[in-house]
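In case you want the letters, here they are:
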Amino acid sequence: MPANRFNNFTNYGIGIGLRAPHYDHILTRKPVVDWFEIIFENFMIGGGRPLRILDQILEQYRVVQHGVSMYFGSANRPDREHLRRLKSLVKRTGTPWVSDHLCWGSVDGTYTHDLLPMPYTFEAAKITAQKLRYVRDFLEVPIAVENVSSYAEYHVSEMTEWEFLNEVVERADCGILLDVNNIYVSSQNHNFNPLTYINSVPADRVAQIHIAGHSKFEKFILDTHDHPVLDPVWKLYDRAIQRAGHTATLLEWDDRIPSFQEVHDEALRADRFLADTQLKVAV
Amino acid sequence: MSLANLQKAVARAVMQPLTRNEHMRVVGPGGERMRRYAARYIKPNDRLTSFERLEIYNRQYWFRVLGSMAEDFPGLRKILGERRFDDMCRAYLTECPSRSFTLRNLGSRLEAWLRHNPQWVRGKEVLALDMVRLEWADIEAFDGEAEPVLRPEELDADSVSKLRLRVQPYVQLLELHYPVDDLVLQAKDDEGTNFASNAVGELRRRMKVRAVVALKPQKIFLVVHRLDFSVYFRRIEREEYSMLKALHGGDRSLAP
């Protein structure tokens, strides 16, 4: 199950997000890391140090492209020039799959630079799936769509978030980047059982899993990516890999970034769940 | 309601400026009460009203874009002071919201906008515009496009006669009225410095303010370029500037 058509039949293990504060450590110490995830917008540029760093990383590591600006759920048509530049980067990195979020964030060419939640309607599912198919066909690489954390819900929604996710990926025939931290954050903000979500996701479409830390406030939880992964999220991760198998897993740590070693050690904590899963499968 | 209309309505609210206390305004787009506006689209829950839920996104939007501007224009921030810089950015971003997929381009229209809205830099127009130009040039030089460099082995007698010299597209040429390069370097240096003592930090802050006030006009010509993937500011003579400018513009009279 882990190697499937949505992650290009790869068997990636545990990776971490490639972040600027760690560049020097990675290039000089060359730590053993199974793969890195890059935020592809940071490398859709003309030249300079970021692309040089990327090329150096590519000489030694496997890289997967993850985005924050494709806005599959925005009502506007995809920007072909943007996709052309993205495709050029896809060729450069050889990424086996590309992922971005199940959200919207731009209107008529104006960008909020946020991952805004979708209204869970059939119309939105249809538009989003059309866009996903278009992007996948243009880039000629499998696409995985990631569930976002959210703090608001719309009156117009006609289904639950997980039903919407399923509707979109079935219509688009695409993969899922299952973010278990986002499921936990949203479950607390919207009062649902996160296990219901995990158990409802089509396991055979899970191309990759995200884990991350979050921050609790008095009345809501914010997806801050500035902490170690918390226990309830590890429990969801455990359940996710029981269902989906040994899936490529990535730790996101984007703010108050500690040393490379600390981030990597935190990511490798996923190993114990993967080992447990192997034992359970063996038994 | 269609997806497109819902997204337009929510985006208007999300991008509406915050109050001075960094909360969502009580009056929404079109003069409607924001509580009513939010309640039309957003469900409340047992802890948060529709207004409060929408406010999370409204605040996130402004914190993100203001943070990005502060990161990209530390020199201008020093010239205007934090409060005025923030106010100026709110006005700029309200009129010129991002039209790019990347925050890197957020300040691309700042110079033009300031020329039309000089009240935000009143009394420091020339200095502030010099700084904006330099800080934007810094961004462009950092990751702008580079063309392949000609290697000696590619030259032969025939090709030399056809040579057209050009400046790399990422190289930025500036004619400035103040030595703002010193100020930018100082601003960058300060950002990388952590002071353990508040007293030392306060002393440094006062010194920085004095440095801005004491900056005297001085015509300089500057090349903002990169070498080994690091950006450098290099002062050049007027003649050098003119020649590079002509090459940048593709002046064929400079061909051999």
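This text follows the structure it describes.
The rules we used
Just so you know, the residues in each chain are numbered from 1, in the order the chain's sequence is written. The naming scheme follows written order: chains are lettered A onward, ligands numbered 1 onward. Only residues with pLDDT of 70 or above have their local features reported here, since the model is predicted, and side-chain atom pairs are shown and tallied only from 80 upward, although totals for entire chains, interfaces and linings are computed over all residues. Hydrogens and water are ignored here; the side-chain numbers use all heavy atoms of the structure. Each nonpolar core is a collection of buried residues, namely Ala, Val, Leu, Ile, Met, Phe, Trp, Tyr and Cys, held together in the definition by side-chain atoms within 4.5 Å. Each residue is assigned to one of three classes by its accessible area relative to the maximum for its type, calculated with a 1.4 Å probe on protein chains only: buried under 20%, partly exposed between the two thresholds, exposed over 50%. Residue ranges assigned to the domains are those given by an automatic or database domain assignment. We call two residues in contact when some of their heavy atoms are within 4.5 Å. Two parts placed together each lose some accessible area; with a 1.4 Å probe, that loss summed over both constitutes the buried area. Definition used for salt bridges: Asp or Glu carboxyl oxygen within 4 Å of a side-chain nitrogen of Lys or Arg. By the criterion applied in these results, polar contacts are pairs of N or O atoms within 3.5 Å in which, for protein atoms, one can donate a hydrogen and the other can accept it, and in which residues neighboring in sequence qualify only through two side-chain atoms. Each residue gets one label: Ala, Val, Leu, Ile, Met, Phe, Trp, Tyr, Cys and Pro are nonpolar, Asp, Glu, Lys and Arg are charged, and the others, such as Gly, are polar. At least two bridges found by DSSP between two strands is the condition for calling them paired. Strands are runs of DSSP state E lasting at least 2 residues, helices are runs of H or I lasting at least 4, and numbering of each runs from the N terminus. Note on geometry: axes are lines fitted to C-alpha atoms, helical ones only across the stretch in contact, with angles between N-to-C directions running from 0 to 180 degrees. Planes of paired rings set the category: under 30 degrees apart is stacked, over 60 is edge-to-face and the rest tilted, where pairs are Phe, Tyr or Trp rings (Trp by its six-membered ring) whose centres lie within 6.5 Å. Criterion for a charge above a ring: Lys NZ or Arg CZ within 6 Å of the ring centre, and within 35 degrees of the ring normal. Note on charges: Lys and Arg go in the positive column, Asp and Glu in the negative column, and His and the chain ends are not counted at all.

Chemist: How would you sum up the nonpolar core? Please name residues and give values.
Modeler: Phe-36, Leu-178, Val-180 and Tyr-237 of chain A together with Leu-76, Met-88 and Leu-110 of chain B are the most contacted members of the largest nonpolar core, which totals 155 residues. For this core, the domains that each give at least three residues are domain 1 (1-64) and domain 2 (73-254) of chain B. Excluding residues that lie within four positions of it along the chain, Leu-110 of chain B makes contacts with Met-69, Phe-73, Leu-76, Met-88, Tyr-92 and Val-132 of chain B. One finds Trp-97, Ala-144, Ala-207 and Leu-250 of chain A within the second-largest nonpolar core, a separate group that totals 10 residues.

Chemist: I'd love a proper account of the interface of chain A and chain B, names of residues and values included.
Modeler: Chain A puts 47 residues into the contact, and the matching count from chain B is 41 residues. Here chain A and chain B share an interface that buries about 3,900 Å² over both sides, 61% of which is from carbon and sulfur atoms. Put simply, chain A and chain B have three salt bridges between them. Between Glu-153 of chain A and Arg-53 of chain B there is a salt bridge, with the nearest N and O atoms lying 3.2 Å from each other. In this assembly, chain A and chain B are joined by 26 residue pairs in polar contact (both at pLDDT 80 or more). Residue composition of the side of chain A that touches chain B, grouped by class: 20 nonpolar, 18 polar and nine charged.

Chemist: Could you give an account of the sheet that holds strand 2 (residues 220-227) of chain B, with specific residues and numbers?
Modeler: Each strand in a sheet pairs with its neighbour through backbone hydrogen bonds, running either in the same direction (parallel) or in the opposite one (antiparallel). All names here are of chain B. Strand order across the open sheet formed by three strands is 1-2-3, with antiparallel pairing between neighbours. Each edge of the sheet is formed by a strand with only one pairing partner; in this case those strands are strand 1 (172-176) and strand 3 (230-236). On average, each strand axis in the sheet is tilted by 25 degrees relative to the strand beside it, whichever way the strands run. Of the strand pairs in this sheet, strand 2 and strand 3 are connected by seven bridges, and their pairing is antiparallel. Counted as the bridge partner of His-225 is Tyr-232 from strand 3. The strands that helix 11 (residues 238-248) touches are strand 1, strand 2 and strand 3; relative to strand 1, the one it contacts most, it runs at about 135 degrees.

Chemist: Quick one: what's the story with the packing of aromatic side chains, residue by residue and with numbers?
Modeler: This model, assessed by the stated rule, comprises 21 aromatic pairs over all chains. Relative to Phe-273 of chain A, the ring of Trp-234 of chain A lies with its centre 5.1 Å away and its plane at 15 degrees, an arrangement referred to as stacked. One end of the pair, Trp-234 of chain A, is in helix 8 (residues 231-244); the other, Phe-273 of chain A, is in helix 10 (residues 270-282), and 39 residues separate them in sequence. The same class applies to Trp-234 of chain A as to Phe-273 of chain A, namely buried. Ring pairs connect the aromatic residues Tyr-151, Phe-217 and Phe-220 of chain A together with Tyr-57 of chain B, which therefore count as one cluster. Arg-62 of chain A extends its terminal NZ or CZ atom over the ring of Tyr-12 of chain A, reaching a point 3.9 Å from the ring centre. Over the aromatic face of Tyr-170 of chain B sits the side chain of Arg-226 of chain B, whose NZ or CZ is 3.9 Å from the ring centroid.

Chemist: Give a description of the sheet that holds strand 1 (residues 14-17) of chain A that names residues and reports values.
Modeler: Residue and element names in this part refer to chain A. Ordered by their spatial adjacency, eight strands build a closed barrel running 1-2-3-4-7-8-9-12, and the pairing between neighbours is parallel. Across this sheet, the average inter-strand angle for adjacent strands is 30 degrees, counted without regard to direction. Sheet topology note: the strand 9 (residues 206-212)/strand 12 (residues 249-252) ladder contains four bridges and is parallel. Its bridge partner lying in strand 12, Ala-212 is registered against Glu-252. Most of the contacts of helix 3 (residues 80-93) go to strand 3 (residues 63-66), to which it runs at about 165 degrees, and overall it touches strand 2 (35-39), strand 3 and strand 4 (98-101). Sheet contacts for helix 6 (residues 180-190): strand 7 (143-146), strand 8 (175-179) and strand 9; angle to strand 8, the most-contacted strand, approximately 60 degrees.

Chemist: Report on helix 11 of chain B, specifying residues and quantitative values.
Modeler: All names here are of chain B. Among the residues making up helix 11, those that are buried are Tyr-241, Ala-246 and Leu-247. Buried residues along helix 11 sit in contact with strand 1, strand 2 and strand 3. The positive-phi residue at the C-terminal boundary of helix 11 is Gly-250, with phi of around 75 degrees.

Chemist: Could you give an account of the side chain of Lys-131 of chain A, with specific residues and numbers?
Modeler: Summarising the element assignment, Lys-131 of chain A is placed in helix 4 (residues 122-139). For the buried Lys-131 of chain A, no salt bridge is present, and the opposite-charge side chain at shortest range is Asp-100 of chain A, 9.8 Å distant.

Chemist: Explain the pattern of salt bridges to me, and be specific about the residues and the numbers.
Modeler: In this structure the tally under the stated criterion is 32 salt bridges over all chains. Here Glu-140 of chain A ties to Lys-87 of chain A by a salt bridge, and the two come within 2.8 Å at their closest N and O atoms. One end of the pair, Glu-140 of chain A, is in the loop between helix 4 and strand 7; the other, Lys-87 of chain A, is in helix 3, with 53 residues separating them in the sequence. Classification of Glu-140 of chain A by relative accessible area gives exposed; the value is 64%. Residue classification places Lys-87 of chain A among the buried residues on the basis of a relative accessible area of 17%. Ionic pairing is found between Asp-86 of chain B and Arg-90 of chain B, a salt bridge with its closest N-O pair at 4.0 Å. Residue Asp-86 of chain B and its partner Arg-90 of chain B are both found in helix 5 (residues 82-95); the two are separated by four residues, about one turn of the helix. When its relative accessible area of 24% is taken as the criterion, Asp-86 of chain B is described as partly exposed. Linked through salt bridges whose partners overlap, the residues forming this network are Arg-5, Glu-170, Asp-173 and Arg-205 of chain A.

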